[in-house]
Amino acid sequence: AFYRAIAPTASVFWSAQLRVATNLDELGDVEAAAQALEGLLQTRPGWSAALVTLGDLWRTHKHWPEAIQAYDRAISAFPEPDRQQWAIFYSRGVALERNQQWAKAEADFLKALELAPDEPDVLNYLGYSWIEQGINLEQARKMIEKAVRQRPDDGFIVDSLGWAYFRAGDFARAVETIERAVELHPEDPTINDHFGDVLWSVGRRQEARFQWQRALVFNPEPDQKTEIERKLHEGLALSSSHNKAEAVR
């Protein structure tokens with residue numbers, strides 16, 4: 001109500017209207033938030049800040065096609081991207097990857113790195129995705145190591161590095177690294193799940209089952225929950241590859 005009372009002539013009017021939309025989202029009314037943003041765009045077509053906020057809104061709530069469309073509109077609104085726009089390509093890449101459009105997602109991650117080569121979020125996401133697919137493994141590991149050097153206390157990125165070691169067969173380093181990730185984010189189901197896998201691979205099977213059971217406590221995604229339950233029953237040998245949640249990460 002306070003934001004809506006601000007006059008259109010005020011210098012903060014447009015930023016206040018963005019806050020109306022984000023507050024509606026925080027109140028749990030996603031549709032009203034989206035409608036507020038679309039209303040702003042009718043008055044101010046092509047406003048990149050509103051389009052990015054709209055994309056972030058849909059992405060946060062896992063409405064991937066709607067998020068992609070909003071980011072498409074945002075990217076088309078500026079003639080030539082510069083370094084400041086790396087985050088839009090990254091965000092669209094996440095939405096595309098989660099919407100099973102990997103080729104387009106990969107192109108966006110690479111574009112984000114072209115604009116901002118040292119961004120740890122992009123280095124981590126692309127590197128981890130390559131590792132999950134079993135491609136560009138050495139390059140992926142180096143990218144994640146670069147991200148870890150910038151954020152040594154980011155448990156999600158440290159976990160990605162440990163997973164790179166695991167996929168490369170360096171189980172001892174994987175255990176050491178993912179144990180550190182668990183210490184940084186003890187509540188994350190994926191990191192606990194990964195720790196169980198690497199412990200199993202070095203023969204510490206009782207500890208591995210404990211970590212998988214811990215992962216179940218922290219509400220993993222449904223497909224991940226099914227996979228963890230299967231590993232508890234059958235062990236690691238019959239397990240499939242993991243997906244990192246988007247969590248947002």
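Residues numbered from 1 in each chain as written. Predicted model: local features only at pLDDT ≥ 70, side-chain atom pairs only at ≥ 80, totals over all residues. Heavy atoms only, no water.

Looking at the overall build of the protein
Then comes step 1: Within the protein, the secondary structure is distributed over 13 helices and zero strands.
Then comes step 2: Secondary structure elements in the protein, listed N-terminal to C-terminal, are α-α-α-α-α-α-α-α-α-α-α-α-α.
Then comes step 3: Projected onto the principal axes, the alpha-carbon positions of the protein cover approximately 70 × 35 × 30 Å.
Then comes step 4: Taken across its 249 residues, the protein has 48% of its residues classed as buried.
Then comes step 5: Of the roughly 12500 Å² that the protein leaves accessible, carbon and sulfur atoms contribute 51%.
Then comes step 6: Charge separation in the protein, taken as the distance between the mean sites of 28 positive and 38 negative side-chain charges, equals 1 Å. (Helix = DSSP H or I, 4+ residues; strand = E, 2+ residues; numbered from the N terminus. Buried < 20%, exposed > 50% of the residue type's maximum accessible area, 1.4 Å probe, protein only. Areas by Shrake-Rupley, 256 points an atom, 1.4 Å probe, with all protein chains shown as cover. Lys, Arg positive; Asp, Glu negative; His and termini not counted. Charge placed at Lys NZ, Arg CZ, Asp CG, Glu CD.)

Observations regarding the packing of helix H10 (residues 171-184) against helix H11 (residues 189-201)
The relative placement of two packed helices is expressed as an angle between their axes plus a distance between the axes.
Then comes step 1: Contact geometry for H10 and H11: axes closest at 9 Å, N-to-C directions at 155°. Between H10 and H11, the angle is such that the two are roughly antiparallel. By crossing handedness, the relation of H10 to H11 is classed as left-handed. Of H11, the residues touching H10 (which contributes Phe171, Ala174, Val175, Ile178, Glu179, Ala181 and Val182) are Ile191, Asn192, His194, Phe195, Val198, Leu199 and Ser201.
Then comes step 2: The residue makeup of the contact of H10 with H11, split by class, is ten nonpolar, three polar and one charged. (Axes fitted to C-alpha atoms, helices over the stretch in contact; angles between N-to-C directions. Parallel < 35°, antiparallel > 145°, perpendicular 65-115°, else oblique. Left-handed = near helix turned anticlockwise from the far one by under 90°. Contact = heavy atoms within 4.5 Å. Nonpolar A, V, L, I, M, F, W, Y, C, P; charged D, E, K, R; others polar.)

Let's talk about the pattern of salt bridges
Then comes step 1: Considering all chains together, one arrives at 20 salt bridges under this definition.
Then comes step 2: Residues aspartate 108 and arginine 92 are paired through a salt bridge, measuring 2.6 Å at the closest nitrogen-oxygen approach. Residue aspartate 108 is located in helix H6 (residues 102-115), and its partner arginine 92 is located in helix H5 (residues 86-98); the two are separated by 16 residues in the primary sequence.
Then comes step 3: We classify arginine 92 as buried; its relative accessible area is 15%. (Salt bridge = Lys/Arg side-chain N within 4 Å of Asp/Glu carboxyl O.)

Some thoughts on the packing of aromatic side chains
Then comes step 1: This model, assessed by the stated rule, comprises eleven aromatic pairs.
Then comes step 2: For the ring pair tyrosine 90 and phenylalanine 109, a centre distance of 6.1 Å and an interplane angle of 50° mean the geometry is tilted. Of this pair, tyrosine 90 sits in helix H5 while phenylalanine 109 sits in helix H6, and the two are 19 residues apart along the sequence.
Then comes step 3: Assessed through its relative accessible area of 9%, tyrosine 90 is described here as buried.
Then comes step 4: Directly above the aromatic system of tryptophan 14 lies the positively charged group of arginine 44, at a separation of 5.1 Å from the ring centroid. (Phe/Tyr/Trp six-rings, centres within 6.5 Å; stacked < 30°, edge-to-face > 60°. Lys NZ or Arg CZ within 6 Å of the ring centre and 35° of its normal.)

Concerning the side chain of asparagine 124
Then comes step 1: Examined against the element boundaries, asparagine 124 turns out to sit in helix H7 (residues 120-133).
Then comes step 2: Taking relative accessible area as the criterion, asparagine 124 reaches 6% and is therefore assigned buried.
Then comes step 3: Not counting the four nearest positions on each side in its chain, asparagine 124 is found in contact with Ile144, Ala147, Phe156, Ile157 and Ser160.

Considering the nonpolar core
Then comes step 1: One finds Leu37, Leu54, Tyr90 and Phe109 to be the most contacted residues of the largest nonpolar core, which totals 74 residues.
Then comes step 2: Contact partners of leucine 37, with chain neighbours within four places excluded, come to Leu18, Ala21, Ala50, Thr53, Leu54 and Leu57. (Core = buried A, V, L, I, M, F, W, Y, C linked by side-chain atoms within 4.5 Å.)

Points about the environment of asparagine 23
Then comes step 1: Mapped onto the secondary structure, asparagine 23 falls in helix H1 (residues 13-26).
Then comes step 2: Overall, the relative accessible area of 25% leaves asparagine 23 in the partly exposed class.
Then comes step 3: Between the C-alpha atom of asparagine 23 and that of alanine 33, which follows or precedes it by ten residues, the distance is 7.8 Å.

Here's the deal with the environment of glutamate 106
Then comes step 1: Tracing the backbone through its elements, the reader meets glutamate 106 in helix H6.
Then comes step 2: Setting aside chain neighbours within four positions, we find glutamate 106 in contact with Leu126 and Trp130.

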